[in-house]
Amino acid sequence: NAGVTQTPKFQVLKTGQSMTLQCAQDMNHEYMSWYRQDPGMGLRLIHYSVGAGITDQGEVPNGYNVSRSTTEDFPLRLLSAAPSQTSVYFCASSSQGGRNYGYTFGSGTRLTVV
Amino acid sequence: AQSVTQLGSHVSVSEGALVLLRCNYSSSVPPYLFWYVQYPNQGLQLLLKYTSAATLVKGINGFEAEFKKSETSFHLTKPSAHMSDAAEYFCAVTEGSNDYKLSFGAGTTVTVRA
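Residue numbering note: each chain is counted from 1, following its sequence as written. Each chain gets a letter, beginning with A, and each ligand a number, beginning with 1, in the order they are written. Only residues with pLDDT of at least 70 get local features here, since the model is predicted, and only at 80 or more are side-chain atom pairs given and counted; chain-wide, interface and lining totals rely on the full set of residues. Hydrogens and waters are ignored; side-chain quantities use all the structure's heavy atoms.

Novice: Is there a simple way to explain the pairing of strand β11 (residues 108-113) of chain B in this structure?
Specialist: Along a regular strand, successive side chains alternate from one face of the sheet to the other. Residue and element names in this part refer to chain B. Of the two faces of β11, the one lined by Thr 108, Val 110 and Val 112 is fully buried and the one lined by Thr 109, Thr 111 and Arg 113 carries no buried residue. Pairing geometry for strand β2 (residues 10-14) and β11, over five bridges, is parallel. Within the sheet, the bridge partner assigned to Ser 12 lies in β11 and is Thr 111. Relative to β11, strand β9 (residues 87-95) is paired through three bridges, and the arrangement is antiparallel. Along β11, the bridge assignment pairs Ala 87 with Val 110. Exposure categories follow from relative accessible area, calculated using a 1.4 Å probe and restricted to protein chains: below 20% of the type maximum is buried, above 50% is exposed, and the middle band is partly exposed. Helix and strand assignments come from DSSP, with helices taken as H or I runs of at least 4 residues and strands as E runs of at least 2, each series counted from the N terminus. At least two bridges found by DSSP between two strands are what make those strands a pair.

Quick look at the structure:
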């Protein structure tokens, strides 16, 4: 089925380890974003991209890197994991701007840093 | 910058009763407003959106919301709650000049009592 695919679904990391959360969409959407969800705080924007080769920081970018070499993929890299990065991470994509169509969200990656 | 406030982190309703979830926004330009629903261990699903057309917006699963500029509100309602409505609901806003940046409220968890 068309949509946003996130891998892995669950991950446990030790403090200081690095890893990449994968996100892929097959809808040819220009816009892609990464959010983290923490209890009582809703979703907060980490990084976003308006097209291949173009990325920018969101509200909480520290400790995360992104790149967008293709339209389909938008990986999120944790450089040196910290317990404060324990969260649920969602990738989202949209065409023609999120305001017109709303974003399509992936099913999330639940990350625990110990 | 835009922001959203959801009044009430938890709402409990009886099956068949009215569901009312409150959302107030802050935006320096005419906003685009969204309601998303998240079922346990799933991603976010778009319920409905306001994009400056009709002020009363109908969404999926019998939900609707009314945009009131004078009150800066976008409350979500459903006339008769069903057990399947138990979920977390998020209000979100985006501004025209940054339509790829969704700002989310903290969320409201709905419990439906039999």
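Novice: Got a minute to help me understand the side chain of Ser93(A) in this structure?
Specialist: Residues and elements named next belong to chain A. Checked against the element boundaries, Ser 93 lands in strand β9 (residues 87-94). Take Ser 93: its relative accessible area is 0%, and that puts it in the buried class. Side chain to side chain, Ser 93 and His 29 meet in a polar contact 2.7 Å long. Two residues form a contact once any of their heavy atoms are found within 4.5 Å. Residues in contact with Ser 93, not counting those within four places in the same chain, are Val 4, Gln 25, Met 27, His 29, Tyr 31, Met 32, Gly 102, Tyr 103 and Thr 104. Polar contact is defined as a pair of N or O atoms within 3.5 Å, subject to the rule that within protein one atom must be able to donate a hydrogen and the other to accept it, and that residues adjacent in sequence are counted only when both atoms are side-chain atoms.

Novice: What's the story with the interface of chain B and chain A in this structure? I'm lost.
Specialist: Much of the literature gives interface size as the accessible area that the parts lose upon coming together. Listed as interface residues are 22 residues of chain B and, on the opposing side, 23 residues of chain A. The term salt bridge refers to a pairing of a side-chain nitrogen on Lys or Arg with a carboxyl oxygen on Asp or Glu at a separation within 4 Å. Our enumeration of links across chain B and chain A arrives at zero salt bridges. At the surface where chain B touches chain A, the tally comes to three residue pairs in polar contact (both at pLDDT 80 or more). At the level of elements, β4 (31-38), β5 (44-50) and β9 of chain B are the ones that each hand at least two residues to the side of chain B that touches chain A. By residue number, the principal contributor to the side of chain B that touches chain A is β4(B), which donates four residues. Polarity classes work like this: nonpolar for Ala, Val, Leu, Ile, Met, Phe, Trp, Tyr, Cys and Pro, charged for Asp, Glu, Lys and Arg, and polar for all others, with Gly in that last group. Within the side of chain B that touches chain A, the residues separate by chemical class into ten nonpolar, eight polar and four charged.

Novice: For this particular structure, what's the right way to read the sheet that holds strand β6 (residues 56-58) of chain B?
Specialist: To summarise the sheet geometry, strands pair through backbone hydrogen bonds and adopt either a parallel or an antiparallel arrangement. Residue and element names in this part refer to chain B. Taken together, five strands build an open sheet; the order of strands is β1-β3-β8-β7-β6 and the sheet is antiparallel. Strands with a single pairing partner mark the edges of an open sheet, and in this sheet they are β1 (3-7) and β6. Strand-to-strand twist in this sheet, taken as the mean axis angle between neighbours without regard to direction, amounts to 20°. Note: strand β3 (residues 19-26) against strand β8 (residues 73-78), four bridges, orientation antiparallel. With axes taken as lines fitted to C-alpha atoms, and helix axes fitted only over the stretch in contact, angles between N-to-C directions fall between 0 and 180 degrees.

Everything listed is a geometric property; what it means functionally is a separate question.
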